[in-house]
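# Per-entry structural report
Take a look at the letters that make up each chain.
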Amino acid sequence: QVQLVESGGGLVQAGGSLRLSCAASGRTFSSYMAWFRQAPGKEREFVAGITWNSGRTYYADSVKGRFTISRDNAKNTVYLQMNSLKAEDTAVYYCAARLSIGVVTTDSGYNYWGQGTQVTVSS
């Protein structure tokens, strides 16, 4: 089992920044980590992903150039640096882990999930 705990959400004005953290514990040999988000009334969507070993990243078009995903292997932690936030970024953000290598942007491809952290961007 892998346990994922997100932190760092909150309320920020449009144009501001936040950094989310996802601490992994347990059997921490996940091959691929990702951030998803779900806004009220909408389906959960892929935001960014990172291959644990190589650090290779992948982003949704909606956040490319504004968000940066990174990982700290020693701390078993994945980060999501969010800059130039917009009102449409408001959502609950989830950390997810999958045991297989490869970019997967659908939530069904992930084995483990965190509880989510709320990000609210005021306009």
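Residues numbered from 1 in each chain as written. Predicted model: local features only at pLDDT ≥ 70, side-chain atom pairs only at ≥ 80, totals over all residues. Heavy atoms only, no water.

## Thoughts on the state of the cysteines
In this structure the tally under the stated criterion is one disulfide. Across the disulfide, Cys 22 is cross-linked to Cys 95 (sulfur-sulfur distance 2.0 Å). On the S-S bond that ties Cys 22 to Cys 95, the torsion sits near -75 degrees, and the link is left-handed. Highlighted residues: Cys 22 in strand β3 (residues 18-26) and Cys 95 in strand β9 (residues 91-98), separated in sequence by 73 residues. (Disulfide = S-S within 2.5 Å. Helix = DSSP H or I, 4+ residues; strand = E, 2+ residues; numbered from the N terminus.)

## So, the packing of aromatic side chains
Counting across every chain of the model gives six aromatic pairs. An aromatic cluster is defined as three or more aromatic residues linked by ring pairs; in this entry it consists of Phe 36, Phe 46, Tyr 58, Tyr 94, Tyr 110 and Trp 113. Geometry around Tyr 94 places Arg 44 over its ring, the cationic atom sitting 5.0 Å from the centre. Over the face of the ring belonging to Tyr 110 we find Arg 98, whose NZ or CZ atom lies 5.9 Å from the ring centre. (Phe/Tyr/Trp six-rings, centres within 6.5 Å; stacked < 30°, edge-to-face > 60°. Lys NZ or Arg CZ within 6 Å of the ring centre and 35° of its normal.)

## Points about the pattern of salt bridges
Opposite charge on two side chains makes pairing possible when the charged atoms of those side chains draw close. Evaluation of the coordinates by the stated rule reveals five salt bridges. The shortest N-O distance in the salt bridge between Arg 37 and Asp 89 comes to 2.9 Å. A residue pair is termed long-range when its members are at least 10 positions apart, and Arg 37 in strand β4 (residues 32-38) and Asp 89 in the loop between β8 (77-82) and β9 qualify at 52 residues. Assigned by exposure class, Arg 37 and Asp 89 land together as buried. (Salt bridge = Lys/Arg side-chain N within 4 Å of Asp/Glu carboxyl O. Buried < 20%, exposed > 50% of the residue type's maximum accessible area, 1.4 Å probe, protein only.)

## So, the sheet that holds strand β1 (residues 2-7)
A sheet is described by the order of its strands in space; here four strands give the open sequence β1-β3-β8-β7, paired in antiparallel fashion. Taken across any chain shown, the strands that pair with only one partner, and hence form the sheet edges, are β1 and β7 (67-72). With direction set aside, neighbouring strand axes in the sheet form an average angle of 15 degrees. Sheet analysis places β1 next to β3, joined by six bridges and oriented antiparallel. Its bridge partner being in β3, Leu 4 is matched across the sheet by Ala 24. (Pairing = 2+ DSSP bridges. Axes fitted to C-alpha atoms, helices over the stretch in contact; angles between N-to-C directions.)

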